[in-house]
Amino acid sequence: MSADRTMARERALELLYETEAKDATVEGVLAALPVAPDAYAVDVVTGVSDHRDAIDGHIARLAPDWPLDRMPVVDRNVLRLGMYELMDRPDVPTAVILDEAVALAKRYSTDESGRFVNGVLAAAARELRPSGE
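Predicted, not measured: the structure shown is a model, and the values here were computed from it.

The rules behind the values
Residues numbered from 1 in each chain as written. Predicted model: local features only at pLDDT ≥ 70, side-chain atom pairs only at ≥ 80, totals over all residues. Heavy atoms only, no water. Helix = DSSP H or I, 4+ residues; strand = E, 2+ residues; numbered from the N terminus. Contact = heavy atoms within 4.5 Å. Polar contact = N/O pair within 3.5 Å; in protein donor to acceptor, adjacent residues only side chain to side chain. 1 Å grid on protein atoms, 1.4 Å probe; cavity = no way out; pocket = protein on both sides within 12 Å on 5 of 7 lines; lining within 4 Å. Points joined across faces, edges and corners; volume = space filled by probe spheres on them. Nonpolar A, V, L, I, M, F, W, Y, C, P; charged D, E, K, R; others polar.

**What to know about the environment of Asp43**
With respect to the helices and strands, Asp43 occurs in helix H3 (residues 39–50). Each C-alpha atom, one on Asp43 and one on Leu62, is 24 Å from the other, the two residues being 19 residues apart in sequence. Those residues in contact with Asp43, other than ones at most four positions away along the chain, are Tyr84 and Arg89. A polar side-chain atom of Asp43 sits 2.7 Å from a polar atom in the side chain of Arg89.

Encoded structure:
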């Protein structure tokens, strides 16, 4: 795992959280920053924004007992970040996506979040990347 990508994912999670907390657009949040974030972080938050309906549809289907609006905000945004990478970033290995998402969930959310995020994204990976990559 690249430390730069790890930091970019962490920043992307912060930006997704801020966007949701402020009920703002990704473009608005990015424009208000005094320093532009890493290009990968921008790609992820923009990709999540552009494909949010499809991403949220996958999450809702794979976690039927947890409506998105009832999930912890961090879990929901970690799942969105990971789902975007699974769907639209074939250059990123599946194992890296899952490992990084679980690490973010464990670091910033509840004790159970790592397991939950892993379960949802692993199920998504089986569908979206059936060959394993």
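There's more to say after this.
**Observations concerning the side chain of Glu10**
Within the secondary structure, Glu10 sits in helix H1 (residues 3–21). Engagement of the side chain of Glu10 in a polar contact is seen with the side chain of Arg107, the distance being 3.1 Å. Those residues in contact with Glu10 that lie beyond four places of it in its chain are Leu104, Arg107 and Tyr108.

**Description of the layout of surface pockets**
Roughly 200 Å³ of volume is contained in the largest pocket. Lining the largest pocket are 13 residues, with Thr19, Glu20, Ala24, Val26 and Arg52 sitting closest to its centre. At the level of elements, H1, H3 and helix H5 (73–88) are the ones that each hand at least two residues to the lining of the largest pocket. Split into classes, the residues belonging to the lining of the largest pocket amount to five nonpolar, four polar and four charged.

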